[in-house]
Amino acid sequence: MARREYTDHEIIESVPRKGFFGHPKGLLTLFITEFWERFSYYGMKAILLYYLYYATSKGGFGLKETDAMIIVTLYGALVMMSTIIGGWFADRLIGARKAIIYGALLIMFGHILMSIPGNFTMLLIALALIIIGSGLLKPSMSTNVNELYEKEDSRIDAGFTIFYMSVNLGAWISPFIVGQLHSSFGFHAGFAAAAVGMFFGLIWFVMTQKNTLGFTGLNVPNPLSKGEGKKVAMIATVIAILIAIILFIFKLFGMLNLEGITWIMTFFGLGIPAVYLTYMYTHPKTSSDEKSRLIAYIPLFIAAVIFWAIQEQGATVLAEFADQKTQLDLKPLLGIDYVIPAAFFQSLNPMFIVIFAPVFSMLWVKLGKFNPSTPLKFAIALIFAGLGYIAMVYPIMSGEQLINPLWLVLSFFLIVLGELCISPIGLSTTTRMAPQAFTTQMLSVWFLSNAAAQGLNAQLVQIYGAVDPASYFGYMGLVAIGLAVLLIVLVPIIKKAMRGVH
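Predicted model only: the values in this text are computed from it and were never measured.

The rules behind each value
- Residues numbered from 1 in each chain as written.
- Predicted model: local features only at pLDDT ≥ 70, side-chain atom pairs only at ≥ 80, totals over all residues.
- Heavy atoms only, no water.
- Helix = DSSP H or I, 4+ residues; strand = E, 2+ residues; numbered from the N terminus.
- Buried < 20%, exposed > 50% of the residue type's maximum accessible area, 1.4 Å probe, protein only.
- Contact = heavy atoms within 4.5 Å.
- Lys, Arg positive; Asp, Glu negative; His and termini not counted.
- Charge placed at Lys NZ, Arg CZ, Asp CG, Glu CD.
- Salt bridge = Lys/Arg side-chain N within 4 Å of Asp/Glu carboxyl O.
- Axes fitted to C-alpha atoms, helices over the stretch in contact; angles between N-to-C directions.
- Parallel < 35°, antiparallel > 145°, perpendicular 65-115°, else oblique.
- Left-handed = near helix turned anticlockwise from the far one by under 90°.
- Patch = residues over 30% accessible without salt bridge, like charges linked within 9 Å, V, L, I, M, F, W, Y side chains within 5 Å.
- Areas by Shrake-Rupley, 256 points an atom, 1.4 Å probe, with all protein chains shown as cover.
- Expected span 1.5 Å × (residues − 1).
- Core = buried A, V, L, I, M, F, W, Y, C linked by side-chain atoms within 4.5 Å.
- pLDDT = per-residue confidence, 0-100.

Overview of the overall build of the chain
- Of regular secondary structure, the chain possesses 17 helices and 0 strands.
- C-alpha atoms of the chain, sized along the principal axes, occupy 65 × 55 × 55 Å.
- Here the chain holds 502 residues, and 51% of them are scored as buried.
- Here the analysis covers contacts within the chain between residues at least 6 apart in sequence; of these, 80% occur between residues at least 24 apart.
- The centroid of the 32 positive side-chain charges in the chain is displaced by 7 Å from the centroid of its 26 negative side-chain charges.

If you want it as structure tokens, here you go:
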């Protein structure tokens, strides 16, 4: 039986136009689903590092701290990379709606496995399920939000802003709940909360989708033909063979271990976006102006990779520092008999974003003609990230065995200020600088800047484990600020190469 395809008019007419703060009612369905998915993702991630390196007597696996940080970094990189494959499945095989449901199911089962005491193999299977599920769900949620609005609907930017808030609200609340459950009842209670969160999100989506989302997400935008199916199968086979060859070579030289895998991930993390950009630049459909913009995009992409490398270390380097080198007992500080769960610090980033995102949004408007150019905003972001790490040097050098937790709060705060200069700006700029024939693929490149950063982090966390923390934070901060200065020098050249994109 042939699949029913809905026209754009049918899709728009099927969606209740209002019902959620003046927006389509379906936005509420997606808002709550995304809230619970992010609750589960960030809640689990807030204690994952500790689960890996805590001693078995404390419910963990007793891995070396550096190895645990590498695993968390590789997990984050694979989640970002999986969105390319998940988006392809949604666009070409099953549609966004089914991708969301299948993705949520896989994520929920992954968290359920983690909530059951088991061996390391079970943990890896659970993480694989969450990675695949996130790859299906993450891009499809944004696609479904977009389909709620007509192309010329002035509410669409505000709609995405509201949707983005669900991400940060879920990420803000979950470390408090999961972290406290871990402190009181153990790791598996925290993971169970993540599973329950995704269960709530899935049930809400299934129960409300029909009446609020209409026909959105049901179409397969670019379905595979029979001929293409054979071609895709051939390409997938070639890729699988290449990966097998790479793994065999690593095995042959005794490198098929965690360190060897980090090199593979670093190679793919940095190599995939390079291939994407080269392909777009050399394609005959790319005009001379578009080629110039792609060249201008390269230093912005590099700046984004360095920024995300520091920002993503909040779940590894800063998380380890919070647990091992920060005064969490409030009795010596405030006389209060309470120990702060280290996972609580993972709430700082989304909390500051929720508070200060509206401030930055108004600031850019108020600055008017003095509003910094895109490359300058990227440089400012790197400066804030660098300062966030340099701020950690003084308390470490003070000689105190455990530093005041407010220094860690300051570090997260400065890095968030940088994030607000680069994250929304980068997404918007990527869209405007994309060659017309590759708009979607260019957005994939932007998301891959995070994957490339985490591939780089797989190497950086090993350096962190080998040097003293003051040197690591100091040099990383200086590198970020040094690159910011170089970017400022290049601003006139980059602006000229952007060919009218401001």
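Details of the environment of Gln 311
- Tracing the chain through its elements places Gln 311 in helix α9 (residues 288-312).
- Sequence separation between Gln 311 and Ile 390 is 79 residues; the distance between their C-alpha atoms is 14 Å.
- In this structure, Gln 311 is in contact with Asn 349, Ile 415 and Glu 419, ignoring residues within four places of it in sequence.

Digging into the pattern of salt bridges
- With the rule as written, the count across this model stands at 4 salt bridges.
- Between Asp 289 and Arg 499 there is a salt bridge, with the nearest N and O atoms lying 2.5 Å from each other. Placement of the pair is Asp 289 in helix α9 and Arg 499 in the segment after α17 (469-497), with a sequence separation of 210 residues.
- For Arg 499, a relative accessible area of 39% puts it in the partly exposed group.

Considerations on the packing of helix α12 (residues 348-367) against helix α15 (residues 405-433)
- Packing of α12 against α15 leaves a shortest axis separation of 9 Å and a crossing angle of 50 degrees. Relative to α15, the element α12 lies oblique. Here α12 runs over α15; the crossing is right-handed. Where α12 abuts α15, its residues Leu 348, Asn 349, Phe 352, Ile 353, Phe 356, Ala 357, Phe 360 and Trp 364 lie against Val 409, Phe 412, Phe 413, Val 416, Leu 417, Glu 419, Leu 420, Cys 421 and Ile 425.

Focus on a nonpolar patch on the surface
- On the surface, Met 234, Val 238, Ile 241, Leu 242, Ile 245, Phe 248, Ile 249, Leu 252, Phe 253, Met 255 and Trp 263 cluster together to form a nonpolar patch covering roughly 1200 Å² of accessible area.
- With 8 residues, the top contributor of residues to the nonpolar patch is helix α7 (residues 226-252).
- Following the sequence through the fold, Ile 245 ends up in helix α7.

Re α7
- Compared with an ideal rise of 1.5 Å per residue, which puts 27 residues at 39 Å, α7 spans 39 Å between its outermost C-alpha atoms and is within 8% of the ideal.
- One or two positions beyond α7, positive phi appears at Gly 254, with a value near 70 degrees.

What about the packing of α9 against α15?
- Running from N to C, α9 and α15 point in directions that differ by 150 degrees, and their axes come no closer than 11 Å. On the basis of the axis angle, α9 is roughly antiparallel to α15. Handedness of the α9/α15 crossing: left-handed. For the pair α9 and α15, the contacting residues are Arg 293, Ala 296, Tyr 297, Leu 300, Ala 303, Ala 304, Phe 307, Trp 308, Ile 310 and Gln 311 in the first and Ile 415, Gly 418, Glu 419, Ile 422, Ser 423, Thr 429, Thr 430 and Met 433 in the second.

A closer look at the nonpolar core
- Core analysis: the biggest nonpolar cluster contains 113 residues, and Met 44, Tyr 75, Met 114, Phe 378, Tyr 389 and Phe 473 have the highest contact counts within it.
- Those residues in contact with Phe 378 that sit more than four places away from it in its chain are Leu 300, Ala 303, Ala 304, Ile 422, Ile 425, Gly 426, Trp 446 and Leu 487.
- Leu 30, Ile 101, Val 145 and Leu 213 belong to the second-largest nonpolar core, a separate cluster that totals 21 residues.

Side note on the confidence of the model for the chain
- Looking at the chain as a whole, its pLDDT mean stands at 89, while 99% of the residues score no less than 70.
- The weakest mean pLDDT in the chain belongs to helix α1 (residues 8-14) at 77; the strongest belongs to helix α13 (residues 374-390) at 96.

A look at helix α8 (residues 258-282)
- Helix length check: α8, at 25 residues, gives a terminal C-alpha distance of 36 Å against a target of 36 Å (1.5 Å per residue), a fit within 8%.
- Residues of α8 that are buried include every one of Gly 260, Thr 262, Ile 264, Met 265, Thr 266, Gly 269, Pro 273, Tyr 276, Leu 277 and Met 280, and no others.

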